[in-house]
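Below, each chain spelled out in residue letters.
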Amino acid sequence: MRNDRRRRGARPPRVKRPQTQPDLSRIAGLAAVTALFSTSPERVERLFFSPDRRAEVEAFCARLARTRRPFRQVNADELARISGTAMHGGVVALARPRPILPLDPAQARLWASSVPLLLILDGIGNPQNFGAIVRTAAFFGLDRLVISDHPVQAGPSDAAHRVAEGGLEFVQLYRATKLAAVLKHLRPVYRVTGTALGRGSRPLADLPRDRPIALVLGNEEAGLDPATLAACDDVVTIPGSGWIQSLNVAASAAILMHDLLPKLMSARRPVPA
């Protein structure tokens, strides 16, 4: 009798599928590409540039030549096609993406001794807003940023890289799942502070700076979810003239970082484990 592997109860042999290379990030603009080469040149797979950028990217080309990776001068139309935008700044690198690390709440609690301001984004959906916030965080020297698993939360897309102007090479991203539970875990060491408009919010000037702050920014349209707000110690607002209801979330983030970080740095003290 023939040995038929397809007889009842038998499983077909597993076929090992070849692993495919992950999608490459398109990092456009001289500032972003310079930051990439200064921090993680090994991630760069290919480089394209316009004639007027040739002198500025010579060192990058030499680096790629040593590792036998391609680079090429192209015209403006070709560069726009490769980068996916006409706002490419004359240079685009195709690079392996930097991983987003899973957030370990226990580890994050330990950050409080060295990270006085922890920025958490919960549903920032516009990649340009996301990129602008990362750029500001990098400007102020915040080297890590937490994003939630909110379904609309933006990540390090091509547009975010372009707007961040290299900030995504210096700011490590962490992804938190079940954010409300994570915030409750952080509360013993961080003053978890949400941002919102309306009643129940205290003016920014009244927020205590007696311990590190975990600052939570919500969706551009809907703001923070009720469960997230309930997990916060405080909710603050930036007072304005009243002529305009609110600020763009990236502008709010910049004001909050500028206001909070120097005062937190000057008031740093040991925090409980």
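Since the structure is predicted, the reported quantities are computational estimates derived from the model, not experimental observations.

What counts, and at which threshold
Residues numbered from 1 in each chain as written. Predicted model: local features only at pLDDT ≥ 70, side-chain atom pairs only at ≥ 80, totals over all residues. Heavy atoms only, no water. Pairing = 2+ DSSP bridges. Helix = DSSP H or I, 4+ residues; strand = E, 2+ residues; numbered from the N terminus. Axes fitted to C-alpha atoms, helices over the stretch in contact; angles between N-to-C directions. Contact = heavy atoms within 4.5 Å. Buried < 20%, exposed > 50% of the residue type's maximum accessible area, 1.4 Å probe, protein only. Parallel < 35°, antiparallel > 145°, perpendicular 65-115°, else oblique. Left-handed = near helix turned anticlockwise from the far one by under 90°. Nonpolar A, V, L, I, M, F, W, Y, C, P; charged D, E, K, R; others polar.

### A few points about the sheet that holds strand E4 (residues 91–95)
Moving on, step 1. The four strands are arranged E1-E4-E2-E3 in an open sheet whose pairing can be described as mixed. At either end of the open sheet lies a strand with only one pairing partner, and these are strand E1 (25–28) and strand E3 (71–73). With strand direction ignored, the average angle separating the axes of adjacent strands in the sheet is 15 degrees.
Moving on, step 2. For E1 and E4, the ladder comprises four bridges, and the chain directions are antiparallel. Counterpart to Arg26 in the pairing with E4 is Leu94.
Moving on, step 3. Most of the contacts of helix H1 (residues 30–39) go to E4, to which it runs at about 40 degrees, and overall it touches E1, strand E2 (44–49) and E4.
Moving on, step 4. Sheet contacts for helix H3 (residues 76–83): E1, E2, E3 and E4; angle to E4, the most-contacted strand, approximately 35 degrees.

### Points about unusual backbone geometry
Moving on, step 1. We note that Glu165 has phi near 55 degrees; this positive angle belongs to a residue other than glycine.
Moving on, step 2. Secondary-structure assignment places Glu165 in the loop between helix H6 (158–164) and strand E8 (172–176).
Moving on, step 3. For Glu165, a relative accessible area of 38% corresponds to the partly exposed category.

### Considerations on the packing of H1 against helix H2 (residues 58–66)
Moving on, step 1. It is at 11 Å that the axes of H1 and H2 come closest, and there the two elements cross at 40 degrees. Classified by the angle their axes make, H1 and H2 are oblique. H1 and H2 meet at a crossing whose hand is left-handed. Seen from H1, the contacting residues are Leu30, Val33, Thr34 and Phe37; seen from H2, they are Phe60, Arg63 and Leu64.
Moving on, step 2. Counted by class, the contact of H1 with H2 contains five nonpolar, one polar and one charged residues.

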